[in-house]
Amino acid sequence: MQIMKDSKRAVKLAKRVLKGRRAFFELKGLLDERGPLPEQHYRVGVYFADSDVNIYQMRQWYAPLQELAKTRPVVVLARNAAGALQLMRESGLDVAYVPKVTSIENFIATQQLDVVLYVNQNTRNFQMMRYGERWHVFINHGESDKMYMTSNQYKTYDYAFVAGDAARARLSKALWQYDVEARTVPIGRPQADHLDGEPAYTPDDRTVVFYAPTWEGDRPAASYGSVLTHGETLVTRLLETGRHRVVYRPHPRSGVVSAEFGAANDRIIAMLATANAADPGAQHVYDESPVLGWQLRAPDVAICDISAMVYDRLATGRPLMVTRPVSEEAEVDEGGYLSVCEWLDAADTDNIVDVLDRVIGDEGARERLGEWSTRYFGDTTPGSPTRRFGAAIETLLSRADAERLRASETSK
């Protein structure tokens, strides 16, 4: 038994090494073709230490960062070859490949980089945070009431850009002696200004259901994924009606920890393909596109697990349900939106059609969505979050100028 486990580990390691080598050589070709980045050009950087497996965390920020780059050049400091390659292929942003600490040192010696943004809590963030005379800012990769959102690691950063009042209240409650007022900046959800793209189906009279489950999680407290407990039944029932269209967007890490979870995900994908083969007009969608846009805006109702996806949909004010975790060990904070949300229990998935008809037609639920959208994101008027994000960056750049001026006057 142990020999088999060791053999599987060896095969996985070999595949990982091979993938890394391929990514490195392809990346090198792209970098050589592009040439060096201009010196003393960037005051805003985004630090990303992960491989392409977590590229979804960066994808959420592509559009807002592209908008920012129109007035303030932005560079992504990528530490992993596969991650850097994916960023160069799709982000539309300038990318600096800095695999070693010395690579970081060499790059920042040529750039002022007054503001460095972080989208996750990778432990390698500390290799960048060692450098002072700049602001280190946590921008996260989503807004939610997951335990991740109250990590004491927030204290590590000079500032954190948060969505709104709900995030500030959450941090005030969870973190001791953390000056939320001074160290957090509410910007709303800039991504909501960029929900672009045309649906991957032709709109008709079918009710479109967006089902976006999260992955199985890496520990019991974070076992929010519903693919095994809710997913197969609810998708089966919706495919049977002939009046629903399913847009299925599973988390890209689905099945990474649990083979059983991954197998259930594969079965759902296969069900959609079979249903489309039987009725091409149904146009069910298995969505794995890199960027979220129409998926949040267009569907008539969304079913999400406890994840940032809930709050991305909440920002649109459109009908929404949240799957209730079956695991008793899953930590659920019902002090925020989850205290009033429309829960979907596993036992109710067999009746999903009636449940969705009720939720879609519930005016009271729509009013609650609007109220809580404001509480989480503030002013959701189109363009407002993007302006607040840009203004927050400008404020920090001004503070950086003031710090540099103060330092120069002190040294005289």
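Note: the structure precedes this text.
Let us look at the structure shown here. (Residues numbered from 1 in each chain as written. Predicted model: local features only at pLDDT ≥ 70, side-chain atom pairs only at ≥ 80, totals over all residues. Heavy atoms only, no water.)

### What to know about the overall build of the protein
- Along its length, the protein carries 15 helices and 13 strands.
- Compactness check: the protein gives a C-alpha radius of gyration of 22 Å against a globular reference of 22 Å for 412 residues, within 12% of the reference.
- The principal-axis extents of the C-alpha atoms in the protein amount to approximately 75 × 55 × 45 Å.
- In the protein, buried positions account for 50% of the 412 residues.
- If you take every contact in the protein between residues at least 6 apart in sequence, the share linking residues at least 24 apart comes to 68%.
- When the accessible surface of the protein is summed, it comes to about 19,100 Å², and 51% of that surface belongs to carbon and sulfur atoms. (Helix = DSSP H or I, 4+ residues; strand = E, 2+ residues; numbered from the N terminus. Rg over C-alpha atoms; globule rule 2.2 N^0.38 Å. Buried < 20%, exposed > 50% of the residue type's maximum accessible area, 1.4 Å probe, protein only. Contact = heavy atoms within 4.5 Å. Areas by Shrake-Rupley, 256 points an atom, 1.4 Å probe, with all protein chains shown as cover.)

### With respect to the packing of helix H9 (residues 227-241) against helix H13 (residues 352-360)
- Contact geometry of H9 with H13 gives a least axis separation of 9 Å together with a crossing angle of 80 degrees. Judged by the angle between their axes, H9 and H13 are roughly perpendicular. Contacts from Leu234, Arg237, Leu238 and Thr241 of H9 reach H13 at Ile352, Val353 and Leu356.
- Here the contact of H9 with H13 is built from residues that sort into five nonpolar, one polar and one charged. (Axes fitted to C-alpha atoms, helices over the stretch in contact; angles between N-to-C directions. Parallel < 35°, antiparallel > 145°, perpendicular 65-115°, else oblique. Nonpolar A, V, L, I, M, F, W, Y, C, P; charged D, E, K, R; others polar.)

### Points about the pairing of strand E5 (residues 135-138)
- Along E5, one buried face is formed by Trp135 and Val137 and the opposite face, lined by His136 and Phe138, is buried too.
- Note that E5 and strand E6 (residues 159-162) share two bridges and pair parallel. Counterpart to Val137 in the pairing with E6 is Tyr159. (Pairing = 2+ DSSP bridges.)

### A few points about the environment of Met271
- Positionally, Met271 belongs in helix H10 (residues 259-278).
- According to the relative accessible area criterion, Met271 is partly exposed, its value standing at 22%.
- Residues Met271 and Thr236 lie 35 residues apart in sequence; the distance between their C-alpha atoms is 7.7 Å.
- Beyond its immediate stretch of four places on either side in the chain, Met271 contacts Glu232, Val235, Thr236 and Leu239.

### Points about the sheet that holds strand E8 (residues 207-212)
- Pairing in this open sheet of six strands is parallel, and the strands run E10-E9-E8-E11-E12-E13 from one edge to the other. This sheet does not close on itself; its edge strands, each paired only once, are strand E10 (285-286) and strand E13 (343-344).
- Relative to strand E12 (residues 320-323), strand E11 (residues 301-304) runs parallel, the two sharing three bridges. Looking at E12, one finds that Cys304 is bridged to Val322.
- Most of the contacts of H9 go to E8, to which it runs at about 165 degrees, and overall it touches E8, strand E9 (244-248), E11, E12 and E13.
- Strands in contact with H10 are E9 and E10; relative to E9, the strand with the most contacts, it is inclined by about 140 degrees.

### Looking at the sheet that holds strand E3 (residues 94-97)
- Here seven strands make up an open sheet; going across it, the order is E3-E2-E1-E4-E5-E6-E7 and the pairing parallel. Across the chains shown, the open sheet's two edge strands, defined by having one partner strand only, are E3 and strand E7 (184-186). Each strand of the sheet is rotated relative to its neighbour by a mean of 30 degrees, with strand direction disregarded.
- Relative to E3, helix H4 (residues 81-90) is tilted by about 165 degrees, and along the sheet it contacts strand E1 (44-48), strand E2 (74-78) and E3.

### Notes on helix H14 (residues 363-377)
- Given a rise of 1.5 Å per residue, 15 residues ought to cover 21 Å, and the 21 Å separating the end C-alpha atoms of H14 matches this to within 8%.
- Looking at the buried positions of H14, the neighbouring elements they touch are helix H7 (165-174), helix H12 (308-314), E12 and helix H15 (384-410).
- The N-cap residue of H14 is Asp362: its side-chain oxygen and the backbone nitrogen of Gly364 are 2.9 Å apart.
- Immediately beyond the C-terminal end of H14, within one or two residues, lies Gly378, with a positive phi of roughly 70 degrees. (Expected span 1.5 Å × (residues − 1). Polar contact = N/O pair within 3.5 Å; in protein donor to acceptor, adjacent residues only side chain to side chain.)

### Here's the deal with the pattern of salt bridges
- The final tally for this structure, using the stated rule, is 23 salt bridges.
- Linking Arg406 and Glu403 is a salt bridge whose minimum nitrogen-to-oxygen distance equals 2.7 Å. Of the two residues, Arg406 and Glu403 both sit in helix H15, three residues apart, roughly one turn of that helix.
- Exposure remark for Arg406: the relative accessible area of 49% places this residue in the partly exposed category.
- One network of salt bridges, with partners in common, ties together Arg43, Asp114, Asp401 and Arg404. (Salt bridge = Lys/Arg side-chain N within 4 Å of Asp/Glu carboxyl O.)

### Some remarks on the nonpolar core
- In terms of nonpolar packing, the biggest core is built from 37 residues, with Met58, Leu65 and Leu117 touching the most fellow members.
- Non-local contacts of Leu65, meaning those with residues more than four positions away in its chain, are made with Val46, Met58, Val74, Leu93, Leu117 and Phe389.
- Residues Phe210, Cys304, Ala315 and Trp372 belong to the second largest nonpolar core, which totals 33 residues. (Core = buried A, V, L, I, M, F, W, Y, C linked by side-chain atoms within 4.5 Å.)

### With respect to the packing of aromatic side chains
- Evaluated as defined, the whole model comprises 16 aromatic pairs.
- Between Trp372 and Tyr376 the ring centres are 6.0 Å apart and the planes differ by 40 degrees, which places this aromatic pair in the tilted class. Pair noted here: Trp372 and Tyr376 are both in helix H14, with a separation of four residues, about one helical turn. Neither Trp372 nor Tyr376 differs from the other in exposure class; each is buried.
- Taken together through their ring pairs, the aromatic side chains of Tyr47, Tyr118, Phe138, Tyr154 and Tyr157 make up a single cluster.
- Lying across the ring of Trp215, Arg253 places its NZ or CZ 4.6 Å from the centre.
- The cationic tip of Arg375 hangs over the ring face of Trp372; the distance from NZ or CZ to the ring centre is 3.9 Å. (Phe/Tyr/Trp six-rings, centres within 6.5 Å; stacked < 30°, edge-to-face > 60°. Lys NZ or Arg CZ within 6 Å of the ring centre and 35° of its normal.)

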